[in-house]
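A structural walkthrough
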Amino acid sequence: RLVRRTVGCMIENAKWIAATEEEQAPCIEKKFSVGNVRSAILDITGLGYFYAEINGKNVTDDLFNPVFSDYRVRSLNNLLYPIADRMTHRVYFCRFNVADLLNDGDNVLSVYLGNGWYRQTKRTAEGHLEFGDKLIARFSLRYVDEQGNEHEILSDGTEVWRRTEVTENNLFYGETQDLRVLVKTPEYGNVTVEDDFETAFTQQTCPAERVIRTIAPRLIGQSGKKRVYDAGETVSGRVRLRACGNGGDTVTVNHSERIDKDGTLDVNSSGGDILNDRGERQLQSVRYVLDGTDRELYPKFCKQAFRYFEVEGNADIVSVEVIHTDLPERTTFECGNGILNWLYTAYKRTQLINMHDGFPSDCPHRERLGYTGDGQITASAAMTMFDCEAFYRKWIRDICDCQNIDNGHVQHTAPFYGGGGGPVGWGGAVVQVPYAFYMHYGDKSLVQEALPHIAKWVDYIVSRTDNGLVCREENGGWCLGDWATLNVVIPQEFVNTTLFICMLDKAAFLAEEIGRRDLANRFSELQKQYRESVTNAFFDDETGSFAGGVQGADAFALAAGLGDRRTLDNLVVKYTEDCRFDTGFIGTYVLVEQLIAHGRVDVAFDLLSATKKGSFGYLKRLGETTIWEYLDTKWCSHAHPMFGAVAEFLPKTLLGFPDKERTNEVVLQPRFPRKLRYAEGSALYDGKPVEVRWKRTKNTIRYSVFVTYGLNVNVVYDGKTTMLNAGENELTIQLKDDKNE
């Protein structure tokens, strides 16, 4: 057997079973008999998605299991660029306590399968990347009878399968259901036993996707049998209908995040402008063929991302169901600036609707991929806003699994599914995400797991260096620096090398934290070498700027510990005179971060609250509810969280909340931009809330903090530390300089 064993994994004793290759959504059934049971555990997986019932009752309300992973070896010859990396393969299984669902006597386990990521054959923008040609399931049901004897029921090839009403399903294109199948007598076929393949079975512990809330959409237009609705915000999820037309009648639902002036859907920004290799447009469409029965209808194996949707046919709207990973919020924020409030809310919404299948995606419709660039830049922001420790623990494993076993190359997407990127702004996720994870959760065991991958990646980047600069990645592949400016002029070598210096600094810190001083020293020595190379190649001694100061170049230099006072002054002058972002998504974060880190809080928050085209205020003025892929053009995705990563500075800087949250020792270090009159919010530490609110009166801040019993909270401002008591605390803070806090 080629299966790698996992301790305590019951599912390894079972076999992979399948229906025919033609079936896109079969139901596999296992009949079995039991006596009275004391306990029963079901280990189960299905590729791509599955949901399961025992005796007609759902095993769980969780949706879209199992989470996405690099399931098995597959051909990478059809990608848009050459890659021959060897990766680690993993299949997640779910574990359920099912004793309450079992009958004394005969039982039936029904496993419904959908294509998911495993057999996604329609979208070809990244190439053909399906893992297998059949949907497969595997399960083990272990129960203990009243006498204390253990029994195991396995998928073994004795099962049968039947067709379901789902005749087509695809992540990117939608779903078709023929409900007439439900009123026919089912015909059963025998399953086939499929070959094992090399993989690591791992229990799924990250939070699942669920219906989080519902929305009552508003009818905004009608033409004949077509009706257009507005959900009021861009969401990920599905439209639930009720229909009772004649048998053979059809109902179609189409989705988009934009609407044209004539009231029709504009599907291009959400993927409608993309053609596959058969010339088909990538449309988010769900089609139902009715059977004459009054039914509630919704897609079973796909989810859409949309604000607007069009319904054609005889059906009533029940609701819009918002679906994403269930991640509780851990911070709140509000202030006296409407644009900053919009940024905070829009980022949270955009991030949540991109949390699916156990990874953070770039967008929830066009590509839906776990880009390591987008994901690393937003990781700390997501951890600031949400309780997502288990979610990112899984994604860090994806990043490491998709690292080339041979040379340490880290992919641009994790789980790997094609996609462009660059050596450090993307591959550096193997450092940045574990670093953010450690800063928030303090888990040294994860650092120990990640550090060998980090060290191997550092060796890889060193091998991609010429003349002391990081200048290439894989032959024939991508090598981006920053991204998502309209015209990228900042040199790729400069961006990648300064980012590499930053990653080396974080890698050295992580190594030091777990006692690997040898690695810490090595990373620090490399930093010195690369700093010298960047200075020699890009520093202008006459002006004090790097790479001409274009598109946040001086901020990249400051982040890498380079430059002098003039470098900061040049940066401040540039972004004071033209108060908008000309940077890509990496440069935007670095720019705001460095302005705050160097005490120029006013400039940073003037940028964040600017209203020019290419700013967050511009998006707010247009009535957007999520953050765009490009801040200055509407033609691409309207639901990319990457630019919104800067939202983490709102509760952290304006309220003073620190990253480390698994602690009862909290040090608040607030900053007070001169144009902001008040701010308030809360954050959880050790699961207990700290609430902060402040109000400005001329040069004085009235700063109030509510401390939950069991937390030790201090406030640090202007070098002075004030210890707080449990309950309500009131402080008066005298500002140093009202012109520049």
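Residues numbered from 1 in each chain as written. Predicted model: local features only at pLDDT ≥ 70, side-chain atom pairs only at ≥ 80, totals over all residues. Heavy atoms only, no water.

1. Structural notes on the side chain of Ser236
Assignment of secondary structure puts Ser236 in strand β18 (residues 226-243). At 2.6 Å, the side chain of Ser236 forms a polar contact with the backbone oxygen of Ile323. Engagement of the side chain of Ser236 in a polar contact is seen with the side chain of His356, the distance being 3.2 Å. In this structure, Ser236 is in contact with Gln304, Ala305, Glu321, Val322, Ile323, His324, Ile353 and His356, ignoring residues within four places of it in sequence. (Helix = DSSP H or I, 4+ residues; strand = E, 2+ residues; numbered from the N terminus. Polar contact = N/O pair within 3.5 Å; in protein donor to acceptor, adjacent residues only side chain to side chain. Contact = heavy atoms within 4.5 Å.)

2. With respect to unusual backbone geometry
For residues other than glycine, phi is negative in most cases, and the peptide bonds are mostly trans. The omega angle of the peptide bond from Leu47 to Gly48 is 5°, so this bond is cis rather than trans. Of note, Gly48 is situated in the loop between β3 (37-47) and β4 (49-54). For the bond running from Ala414 to Pro415, omega is -5°, close enough to zero to count as cis. Following the sequence through the fold, Pro415 ends up in the loop between α3 (389-401) and α4 (429-441). Positive phi, normally seen in glycine, also occurs at Phe64, with a value near 55°. Although it is not a glycine, Gln551 adopts a positive phi angle of roughly 45°. Tracing the chain through its elements places Gln551 in the loop between α7 (517-538) and α8 (553-559). Accessibility expressed as a relative area gives 7% for Gln551, which makes it buried. (Buried < 20%, exposed > 50% of the residue type's maximum accessible area, 1.4 Å probe, protein only.)

3. What to know about the environment of Ser463
The residue Ser463 is located in helix α5 (residues 444-463) in this model. C-alpha of Ser463 to C-alpha of Glu22: the two residues are 441 residues apart in sequence and 46 Å apart in space. Of the polar contacts made by the side chain of Ser463, one reaches the side chain of Arg464; its length is 3.0 Å.

4. Considering the sheet that holds strand β26 (residues 331-335)
With respect to topology, five strands assemble into an open sheet ordered β26-β32-β33-β34-β37, the strand pairing being antiparallel. Two strands bound the open sheet, and with one partner strand each, they are β26 and β37 (727-734). Neighbour to neighbour, the strand axes of the sheet diverge by 15° on average, direction disregarded. Sheet topology note: the strand β32 (residues 678-685)/strand β33 (residues 688-697) ladder contains eight bridges and is antiparallel. Each residue of the ladder has a partner; that of Ala683, found in β33, is Val690. (Pairing = 2+ DSSP bridges. Axes fitted to C-alpha atoms, helices over the stretch in contact; angles between N-to-C directions.)

5. Remarks on the nonpolar core
The biggest cluster of nonpolar side chains holds 181 residues, and the ones touching the most others in it are Tyr392, Trp457, Phe494, Phe616 and Tyr703. Residue contributions to this core peak at 12 residues, all from helix α6 (residues 492-513). In this structure, Ala52, Leu109, Leu113 and Phe139 belong to the second largest nonpolar core, which totals 29 residues. (Core = buried A, V, L, I, M, F, W, Y, C linked by side-chain atoms within 4.5 Å.)

6. Topic: the layout of surface pockets
What the largest pocket holds in volume is close to 1000 Å³. Contributing to the lining of the largest pocket are 42 residues, with Tyr589, Glu593, Phe649, Lys652 and Asp659 lying nearest its centre. If you list the elements that add at least two residues to the lining of the largest pocket, you get α2 (372-385), α4, α6, α7, α10 (585-597), α13 (649-654) and β35 (712-717). Counted by class, the lining of the largest pocket contains 21 nonpolar, 10 polar and 11 charged residues. (1 Å grid on protein atoms, 1.4 Å probe; cavity = no way out; pocket = protein on both sides within 12 Å on 5 of 7 lines; lining within 4 Å. Points joined across faces, edges and corners; volume = space filled by probe spheres on them. Nonpolar A, V, L, I, M, F, W, Y, C, P; charged D, E, K, R; others polar.)

7. Considerations on the environment of Thr372
Tracing the backbone shows Thr372 in helix α2. Remark: the alpha-carbon pair of Thr372 and Ala414, spanning 42 residues in sequence, is separated by 6.5 Å. Reaching out from Thr372, the side chain makes a polar contact with the backbone oxygen of Gln411 at a distance of 3.0 Å.

8. Remarks on the side chain of Asp362
Inspection of the secondary structure puts Asp362 in the loop between β28 (359-360) and α2. Lacking a salt bridge, the buried Asp362 has Arg366 as its closest oppositely charged neighbour, with an N-O distance of 7.4 Å. A distance of 3.4 Å separates a polar side-chain atom of Asp362 from the backbone nitrogen of Arg368. For Asp362, the residues in contact, after removing those within four places along its chain, are Asn354, Glu367, Arg368, Leu369, Tyr371, Asp374, Ala639, His640 and Pro641. (Lys, Arg positive; Asp, Glu negative; His and termini not counted. Salt bridge = Lys/Arg side-chain N within 4 Å of Asp/Glu carboxyl O.)

9. Thoughts on the sheet that holds strand β13 (residues 188-190)
Judged by pairing direction, the sheet is antiparallel, and its six strands sit side by side in the order β5-β4-β7-β2-β10-β13 without closing on themselves. This sheet does not close on itself; its edge strands, each paired only once, are β5 (57-58) and β13. Across three bridges, the pairing between strand β2 (residues 27-34) and strand β10 (residues 160-162) is antiparallel. In the sheet register, Cys27 faces β10, and the bridge partner there is Arg162.

10. Digging into the packing of aromatic side chains
To describe a pair of aromatic rings, you give the distance between the ring centres and the angle between the ring planes. Applying the stated criterion to the full structure yields 37 aromatic pairs. Seen from their ring centres, Phe68 and Trp117 are 4.6 Å apart, and the 10° between their planes marks the pair as stacked. Highlighted residues: Phe68 in the loop between β5 and β6 (90-97) and Trp117 in the loop between β7 (105-114) and β8 (136-145), separated in sequence by 49 residues. As far as burial versus exposure is concerned, Phe68 and Trp117 are alike and both buried. Between Phe306 and Phe309, the aromatic rings sit 5.9 Å apart at their centres with planes inclined by 85°, giving edge-to-face as the arrangement. Of the residues examined, Phe309 reaches a relative accessible area of 0% and is grouped as buried. What links up through ring pairs into an aromatic cluster is the set Phe68, Tyr71, Trp117, Tyr118, Phe131, Phe172, Phe359 and Tyr417. Lys300 extends its terminal NZ or CZ atom over the ring of Tyr298, reaching a point 5.5 Å from the ring centre. One cation-aromatic arrangement involves Arg368 over Phe172; the distance from NZ or CZ to the ring centre is 5.6 Å. (Phe/Tyr/Trp six-rings, centres within 6.5 Å; stacked < 30°, edge-to-face > 60°. Lys NZ or Arg CZ within 6 Å of the ring centre and 35° of its normal.)

11. Focus: empty space enclosed by the protein
According to the stated counting rule, one finds four cavities of 30 Å³ or more in the structure shown. Considered as a void within the structure, the largest cavity measures approximately 90 Å³ in volume. Trp117, Ser236, Lys303, Gln304, His356, Asp357, Phe359, Ser361, Cys363, Pro364 and Arg368 are the residues that line the largest cavity. Among the residues making up the lining of the largest cavity, the classes are represented as four nonpolar, four polar and three charged.

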